[in-house]
Amino acid sequence: MTIRENYEIAKKEYEKWGINVDEVLEQLKNVPISIHCWQGDDVAGFEVNKGELSGGIDVTGNYPGKATTPQELRADLEKALSLIPGKHRVNLHAIYAETNGEVVERDQLEPKHFENWVKWAKDQGLGLDFNPTLFSHEKAADGLTLSHPDEQIREFWINHCIASRKIGEYFGKELGTASLTNIWIPDGYKDVPSDRLTPRQRLKESLDKIFEEEINEDYNLDAVESKLFGIGSESYVVGSHEFYLGYALKNNKLCLLDTGHFHPTETVSNKISSMLLYSDKLALHVSRPVRWDSDHVVTLDDELREIGLEIVRNNALDKVMIGLDFFDASINRIAAWTIGTRNMIKSLLYAMLVPNEHLKQLQEDGNFTERLALIEEFKTYPFGAIWDYYCKKMDTPVKETWLEEVKQYEQDVLAKRYSVLA
């Protein structure tokens, strides 16, 4: 049977539960995922004076063909985007500035250093998000930035974050869609601290300075991202979940939850409904932690499906800003983007094809037997046929056929890069 015929048969299964599948697909195509640029070059960036990765960030693997120039990175992103259904966004870090060979310190970055990214985004019809880069720098070498006891170092990073908000505002004005500018810092201590409060007081003061200037939220949205632990900060992180949750609520900022930044027994999916009670919007960085915050490529595992379900069943598709954050240098990087982003979209589609209102009512009625039975049965409903049709409708490869395009791109484009390097 054809993809269309399989779709029509599958659609009838869902329609029995009052689910309008055609409307679901129309809704899904308008949900953007913010795809992180740093998967394509192993978080290297394009600084003239760039140093080694630091801040607890580690990229493992040596798969050949990574992007080494802005042009290569944008070309790779274009290829990945052509394999992913829907219209999405691209997330940049400050280290992806283009300075034409000039050394520009991070606190001196300006919108002009991202003009090529904006031109490209306009051509591609994409929105851009942004992050100041508070790692891989000599002024972050001891693991402290915005909470540093040295006022001059703090001031450097404060000014970098202020400059980053201006860049985010520039993105929003130029592209007609608000940029999410997210602040994450690596600050913490390897061993148990003797004073947890003072660094947090300094961080609060730094953030207050960063956010002193009001920026129209039509152009820029501010977010702060928490973490529980990291390499080199195993015992204490200044910007904990509790710290940033309180700061975000008090100061009308978005709290960003990274799925790899919590204890292995904690799940971000379980936090979404609570946070939406008190915040108009919420931001996510979706990755896949394996024993530690290792940022593996997102797979369609139980937690990813639960994240999709929590967003959909709470009518929060327009309230949760979904971004990705993983980096794997052991596999083809374009394939990594494609696998991870398609899985994120699959989790949303899966959730939209569940009779959520009926399941809610079963819970309210105390009918836990039927609730559990239906939840389990829907796991084997013909979701794949709906996904295949959606991909075809959006002019993207169906099933694993996208892999052939990646292999061809590797042969035609990536192979030339590593042959030159060799």
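Placed above this text is the structure.
Residues numbered from 1 in each chain as written. Predicted model: local features only at pLDDT ≥ 70, side-chain atom pairs only at ≥ 80, totals over all residues. Heavy atoms only, no water.

(A) Local environment of the overall build of the protein chain. Helices and strands together make up the secondary structure of the protein chain, namely 14 helices and twelve strands. For 422 residues, the compact-globule estimate of 2.2 N^0.38 gives 22 Å, and the protein chain sits close to it at 22 Å. Classification of the 422 residues of the protein chain by burial places 55% in the buried group. Taking contacts inside the protein chain between residues at least 6 apart in sequence as the whole, the part at least 24 apart equals 81%. Carbon and sulfur atoms make up 48% of the accessible area of the protein chain, which amounts to about 19000 Å² in all. On the protein chain, the mean spot of the 48 positive side-chain charges and the mean spot of the 70 negative ones are 2 Å from each other. (Helix = DSSP H or I, 4+ residues; strand = E, 2+ residues; numbered from the N terminus. Rg over C-alpha atoms; globule rule 2.2 N^0.38 Å. Buried < 20%, exposed > 50% of the residue type's maximum accessible area, 1.4 Å probe, protein only. Contact = heavy atoms within 4.5 Å. Areas by Shrake-Rupley, 256 points an atom, 1.4 Å probe, with all protein chains shown as cover. Lys, Arg positive; Asp, Glu negative; His and termini not counted. Charge placed at Lys NZ, Arg CZ, Asp CG, Glu CD.)

(B) Region of interest: the state of the cysteines. Enumeration over the complete set of coordinates arrives at zero disulfides. Note on cysteine 255: no disulfide assigned, nearest cysteine sulfur contributed by cysteine 161 at a separation of 16 Å. By relative accessible area, cysteine 255 is classed as buried at 4%. (Disulfide = S-S within 2.5 Å.)

(C) The arrangement of the pattern of salt bridges in detail. Under the definition given, this model contains 29 salt bridges. Between lysine 11 and glutamate 8 there is a salt bridge; the shortest N-O distance is 3.5 Å. With lysine 11 and glutamate 8 both in helix H1 (residues 3-15), this residue pair falls three residues apart, about one helical turn. The exposure class of lysine 11 is buried, given its relative accessible area of 9%. For glutamate 8, a relative accessible area of 24% translates into the label partly exposed. Of the charged contacts in the structure, one is a salt bridge between lysine 173 and glutamate 169, with a shortest N-O distance of 3.7 Å. Taken as a pair, lysine 173 and glutamate 169 lie in helix H5 (residues 151-175) at a separation of four residues, close to a single helical turn. A single network of salt bridges, built from pairs that share partners, joins Arg4, Glu8, Lys11 and Asp22. (Salt bridge = Lys/Arg side-chain N within 4 Å of Asp/Glu carboxyl O.)

(D) Representation of the environment of glutamate 225. Positionally, glutamate 225 belongs in strand S6 (residues 220-225). Not counting chain neighbours up to four residues away, the residues in contact with glutamate 225 comprise Asn182, Ile183, Trp184, Gly239, Tyr244, Leu256, Asp258, His261 and His285. At 2.8 Å, the side chain of glutamate 225 and the side chain of asparagine 182 are in polar contact. (Polar contact = N/O pair within 3.5 Å; in protein donor to acceptor, adjacent residues only side chain to side chain.)

(E) Main features of unusual backbone geometry. A positive phi is found at asparagine 252, a non-glycine position, where the angle reads about 60 degrees. As for its placement among the helices and strands, asparagine 252 is situated in the loop between helix H7 (241-251) and strand S8 (254-258). Owing to a relative accessible area of 56%, asparagine 252 belongs among the exposed residues under this scheme. Phi at asparagine 315 takes a positive value of approximately 50 degrees, unusual for a residue other than glycine. Assignment of secondary structure puts asparagine 315 in the loop between helix H9 (302-313) and strand S12 (320-324).

(F) Local environment of the packing of aromatic side chains. A complete count under the given rule lists 19 aromatic pairs for this structure. Pairing phenylalanine 156 with tryptophan 157 gives two aromatic rings, centres 4.9 Å apart and planes at 85 degrees, and the pair type is edge-to-face. In terms of burial, phenylalanine 156 and tryptophan 157 fall into one category: buried. In this structure an aromatic cluster arises from ring pairing among Tyr14, Trp17, Phe378 and Tyr381. Directly above the ring of tyrosine 219 sits lysine 173, whose terminal nitrogen or CZ lies 5.5 Å from the centroid. The ring of phenylalanine 211 is capped by lysine 253, whose NZ or CZ atom sits 4.5 Å from the centre of that ring. (Phe/Tyr/Trp six-rings, centres within 6.5 Å; stacked < 30°, edge-to-face > 60°. Lys NZ or Arg CZ within 6 Å of the ring centre and 35° of its normal.)

(G) Spatial organisation of the nonpolar core. Counting 121 residues, the largest nonpolar core has Trp117, Leu146, Leu207, Ile311 and Leu348 as its most contacted members. With eleven residues, helix H10 (residues 333-352) is the single largest residue contributor to this core. When near neighbours in sequence (up to four residues on either side) are disregarded, isoleucine 311 contacts Ile272, Leu284, Ala316, Leu317, Val320, Ile322 and Leu348. Core analysis: the second largest hydrophobic core is formed by eight residues, Leu180, Leu221, Ala223 and Leu256 among them. (Core = buried A, V, L, I, M, F, W, Y, C linked by side-chain atoms within 4.5 Å.)

(H) Structural view of H5. Under the 1.5 Å per step criterion, the end-to-end length of H5 is 36 Å for 25 residues, consistent within 8% with the ideal 36 Å. For H5, the side-chain oxygen to backbone nitrogen distance between the N-cap and glutamine 152 is 2.8 Å, and the N-cap itself is aspartate 150. Downstream of H5 by one or two residues, glycine 176 has phi in the positive range, about 75 degrees. (Expected span 1.5 Å × (residues − 1).)

(I) Looking closely at a nonpolar patch on the surface. Among the surface-exposed residues, Leu249, Leu277 and Tyr278 lie close enough to one another that they form a single nonpolar patch of about 390 Å² accessible area. Mapped onto the elements, leucine 277 comes out in the loop between helix H8 (269-276) and strand S9 (282-286). (Patch = residues over 30% accessible without salt bridge, like charges linked within 9 Å, V, L, I, M, F, W, Y side chains within 5 Å.)

(J) Spotlight on the environment of lysine 12. Note on placement: lysine 12 falls in helix H1. On the basis of relative accessibility, which here comes to 56%, the residue lysine 12 falls in the exposed class.

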